[in-house]
Amino acid sequence: MPLRAPHPDAIADCVLAAFNKLPAKFKPRALANGGRESVPLAGIVLCRNTETADHGSRSSFPANGTNGDAHDGSRKNPNSLTCVSLATGMRCLPQSKLGQAKGNVLHDWHAEILAIRGFNRWVLEECLELARAGREKQQGEWVARRRAPRLQHKTETEPDTKPATEAETATQPFTLRPEISIHVYVSQAPCGDASMELLMSRQPSSEPWTHAAPSADPDDMLGRGHFDQLGMVRRKPSRPDAPVTASKSCSDKLAMKQVTGLLSGLVSGLVGSEGSHVESLVLPEKEVVREAVERCWGADGRMKELGQDEERGWMKFRPFTVEATSREFEYAAPDEGAVGSNLSALWTPRKSEVLINGVLQGRKQFDQKGASCVSRREMWKLTREVAEVSGAQSVCEALREATYGGAKWAMRGEREGVKEEVKRQALKGWRTNSGDEDWSLDKT
């Protein structure tokens, strides 16, 4: 029988509860006129599916947002939900500034993307803890060694404590535990194709915009304009007079994650993609336009050419379900008069940060000391450390390349080929956001 799916309200509650526990400095500020700032919120929730139920049933999972304990204080429920990453944010870095970033500045800190980066950081830290425990320990609470007998054969055999062979330490020594499923909550429809109808409905005129403001690059992806063109890859929406970016919309990035899973390129060199796909995306009821979400992410929409049964190396198209929740985020933007916050918050069970302009609050934008824990620089450092401690020799060699661009190229593998295929068949017009690769960990 199929595993029970958590109710969308329970997923939303899990993220909202974790956010509500954060100190005031992580939240949008009150304004002098009595109003308040607004900001989108996104969170990633893990469900430990250890029991089954009748087809189509839902369970009322307890969720307190941080450790999954039941509300009544009783012992930990085996089917609890745990928020492992949440973020707020709504901005990105102009393409003209990428060359100054040097791995220190985030390119995109929209809530969904920042939460995914936080998830990747958290996964690496879980792997590092397991690696430091030695080969006698085959699995942690959330991740496991890929050679763990209990995971591969479902037996009660003793853990394999023999020295790892060269083949075993080549790549991907870790995996997410198989009984875990991943769910995402977002407080508003992601920017891009999934929210085009909502954006059109809020315009003073119902006539489609067939001409957007001119771009600095005639080949630039569409932004907010051209409402008559649906199913398109778009760059991050912004004011017509704002600097051009090449950051793809959150709708498009989530569509790509339906094939690659949530793990980033560097992290996927250490952690297998199995179990890293999102099972459900939860949005507020008023933010769900069924036609839009089916077109954007569904098996019969723009992704249909990929086919759900077609394997691509170790990846295939796994569309998530889009669920509606009755829960509302306190700092969600009202229909009119919203003042967007320039603060972004990032939280995981291991890290928390407040960011402005893609760097730590209080630091200059391009100062290395301001690099977020999920910046390219800090993620490269952590990935190298995990590879070294775990003995993943070929990954260590790739990550020792002189520049970030070199390391990323050395770690390409099948994943990059799969991404190129997705761009050709489904996400046509996707442009690479390049310009922040030529820097080293050994130099500022």
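Just above sits the structure.
Residues numbered from 1 in each chain as written. Predicted model: local features only at pLDDT ≥ 70, side-chain atom pairs only at ≥ 80, totals over all residues. Heavy atoms only, no water.

Novice: Let's hear about the pairing of strand E9 (residues 278–284): which residues, and what values?
Specialist: Burial analysis of E9 places six of its seven residues in the buried class, the great majority of the element. Here four bridges tie strand E8 (residues 180–186) to E9, and the two strands are oriented parallel to one another. Opposite Ile 182, over in E9, you have Val 278 as the bridge partner. Pairing of E9 with strand E10 (residues 321–325), which is carried by five bridges, proceeds in the parallel orientation. (Buried < 20%, exposed > 50% of the residue type's maximum accessible area, 1.4 Å probe, protein only. Helix = DSSP H or I, 4+ residues; strand = E, 2+ residues; numbered from the N terminus. Pairing = 2+ DSSP bridges.)

Novice: Describe the layout of surface pockets, listing the residues and the values that go with them.
Specialist: By volume, the second largest pocket is sized at about 1100 Å³. Along its surface, the second largest pocket is lined by 38 residues, and Arg 117, Arg 376, Tyr 404, Lys 408 and Lys 419 are the ones closest to its centre. Broken down by secondary-structure element, the contributors of at least two residues to the lining of the second largest pocket are helix H3 (111–132), helix H6 (250–260), helix H8 (376–390), helix H10 (404–410) and helix H11 (413–425). Here the lining of the second largest pocket takes five residues from H11, the largest share from any one element. Grouping the constituent residues of the lining of the second largest pocket by class yields 13 nonpolar, 11 polar and 14 charged. (1 Å grid on protein atoms, 1.4 Å probe; cavity = no way out; pocket = protein on both sides within 12 Å on 5 of 7 lines; lining within 4 Å. Points joined across faces, edges and corners; volume = space filled by probe spheres on them. Nonpolar A, V, L, I, M, F, W, Y, C, P; charged D, E, K, R; others polar.)

Novice: So what about the environment of Ser 268? Which residues, and what values?
Specialist: Mapped onto the elements, Ser 268 comes out in the loop between H6 and E9. With relative accessibility at 8%, the residue Ser 268 sits in the buried group. Separated by 147 residues in sequence, Ser 268 and Arg 415 place their C-alpha atoms 8.5 Å apart. Those residues in contact with Ser 268 that sit more than four places away from it in its chain are Gln 172, Leu 263 and Arg 415. (Contact = heavy atoms within 4.5 Å.)

Novice: Residues and numbers for empty space enclosed by the protein, please.
Specialist: Using the criterion set out here, one finds three cavities of 30 Å³ or more in the structure. Roughly 40 Å³ of internal volume is contained in the largest cavity. Forming the walls of the largest cavity are Glu 126, Glu 129, Leu 130, Lys 137, Gly 140, Glu 141 and Val 143. Considering each element in turn, the lining of the largest cavity owes the most residues, three residues, to H3. Residue composition of the lining of the largest cavity, grouped by class: two nonpolar, one polar and four charged.

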